[in-house]
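The residues making up each chain are set out below.
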Amino acid sequence: MMKENIYQLALRCKIIADEKIGTDRNLIPYRNILFTDYTVKGAIDEYREAIRALQVAMADKYSAISNELKLHNEEYSNGDKIVHYTAMKTIVDCILSLEKRKNAKRIFISHSSKDKDIMEKFTDYILQLGIGLNHEDVFCTSIEEMGIKNGEDIRQHIKDNVQGADFSFLMISKNYKESEICLNEMGAVWAADNCVRYYLLPNVDFKEIGWLFDTNKADKLCDSVVLDALEEELTGYYGLPHKGGIWSRQRQNFMEYLTCRKNK
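Residues numbered from 1 in each chain as written. Predicted model: local features only at pLDDT ≥ 70, side-chain atom pairs only at ≥ 80, totals over all residues. Heavy atoms only, no water.

Chemist: Looking at this structure, I do not really get the packing of aromatic side chains. What am I missing?
Modeler: The relation between two aromatic rings is expressed through the spacing of the ring centres and the mutual angle of the planes. Following the criterion strictly, the structure yields eight aromatic pairs and no others. Relative to tyrosine 85, the ring of tyrosine 47 lies with its centre 5.4 Å away and its plane at 65°, an arrangement referred to as edge-to-face. With tyrosine 47 in helix 2 (residues 44-57) and tyrosine 85 in helix 4 (residues 81-99), this residue pair connects regions lying 38 residues apart in the sequence. Neither tyrosine 47 nor tyrosine 85 differs from the other in exposure class; each is buried. For the pair tyrosine 237 and tyrosine 238, a centre-to-centre distance of 4.9 Å together with 90° between the ring planes defines the contact as edge-to-face. A single burial state applies to tyrosine 237 and to tyrosine 238, both of which are buried. Among the aromatic residues, ring-to-ring pairing joins Phe122, Phe169, Tyr199 and Phe254 into one connected group. Taking NZ or CZ as reference, lysine 81 lies 5.6 Å from the ring centre of tyrosine 76, over its face. Directly above the aromatic system of tyrosine 257 lies the positively charged group of lysine 121, at a separation of 5.0 Å from the ring centroid. (Phe/Tyr/Trp six-rings, centres within 6.5 Å; stacked < 30°, edge-to-face > 60°. Helix = DSSP H or I, 4+ residues; strand = E, 2+ residues; numbered from the N terminus. Buried < 20%, exposed > 50% of the residue type's maximum accessible area, 1.4 Å probe, protein only. Lys NZ or Arg CZ within 6 Å of the ring centre and 35° of its normal.)

So, in C-alpha cells, the structure goes:
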C-alpha cells in the first residue's frame, strides 16, 4: 500500500469536511436582539482524527502551521467549536494549495508512438470519461494536449514529468520493445520508482516480455478486472467519486475497441 503524503492526508480531511460534516445556524433571541450561533454536526470525530494524522505528517515541513492546527484541534472540545472547526478547514485548504504541484503531471504514460491510437482511447475512455481525470493531469507524449509543446526541451520535459508523477504506466507492446526511446523512458521510470504499473497491450504475450521485468507485475489492459482495479485505485488516491454506470460504459467502450482492433 502506498504511504499517504501530506497532500493526500489534507485531501482526506477536506473530503470528510465536504461530505460528512455540516453546520446549523441557530438564532438566539435576547431581549430585542437576535444573536447567531452555529452547531457543527456530523463525523467530527473522524475529521479530528484525520486532522491529527495530517498535523503529525507535516510537523517537520510546516512546523508553525502544524502547531496551529494541533492547537485548534485540541481546543475544539472546550472552546467555540465553529471557530476552531473553521480554522482547521482554512489550514487544510492552505496545505492543499502549498502541496499541489502546479506544473507536474499526475500520471506519466510511457508508450510507443506507434500505439497512439490505443493511448488515445485509453486516456479518453478510461482516464478522462470513466475515472474523471483532466487532460492536464496526464503526460502522454503522442497526444497533443497531453504531451510536449513547441519549443520545450524534450529530454528535460520527460525527466520532470517522470519525477513529478504520482503514477507511471508502462504500456508494453512489440512496438515498445523495439523502441530505444521507450526503453530509455523505462529506465527513467524505474529510477524514479513512483508507483509503476505495467500493462500489456493486445497481441503481446507474457513470455515475450520476460526480459523487460518481472512478469508477475504485468497486467493485460484488455481485462475488465484489471481496469476496475485501476479505477478503484485512482479514484481513491485522488478523492474522485466513483461514476458507477458511466464507468462501466466507458470501460466497455474501451474493451470493445481493443477487441475490434485485435480482430482486424
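Chemist: Could you clarify how one ought to interpret the sheet that holds strand 4 (residues 138-140) in this entry?
Modeler: Two orientations exist for strands paired in a sheet by backbone hydrogen bonds: parallel and antiparallel. The strand order across the open sheet formed by five strands is 4-3-5-6-7, and the pairing between neighbours is parallel. Each end of this open sheet is capped by a strand with a single partner; those strands are strand 4 and strand 7 (218-220). Each strand axis lies, on average, 25° off the axis of its neighbour in the sheet, ignoring direction. With three bridges connecting them, strand 6 (residues 196-200) and strand 7 associate as parallel partners. (Pairing = 2+ DSSP bridges. Axes fitted to C-alpha atoms, helices over the stretch in contact; angles between N-to-C directions.)

Chemist: I would appreciate a short explanation of the pattern of salt bridges in the present structure.
Modeler: Close approach of charged atoms allows side chains of opposite charge to pair. Summed over all chains, the structure comprises eight salt bridges. Where glutamate 46 meets lysine 20, a salt bridge forms, and the shortest distance between an N and an O atom there is 3.1 Å. Note that glutamate 46 is positioned in helix 2 and lysine 20 in helix 1 (residues 6-20), a separation of 26 residues in sequence. Judged by relative accessible area, which is 36%, glutamate 46 ranks as partly exposed. With a closest N to O distance of 2.7 Å, lysine 61 and glutamate 99 form a salt bridge. Placement of the pair is lysine 61 in the loop between helix 2 and helix 3 (63-75) and glutamate 99 in helix 4, with a sequence separation of 38 residues. For lysine 61, a relative accessible area of 53% corresponds to the exposed category. Judged by its relative accessible area of 16%, glutamate 99 is buried. (Salt bridge = Lys/Arg side-chain N within 4 Å of Asp/Glu carboxyl O.)

Everything listed here is a matter of coordinates, which is why it stays silent on function.
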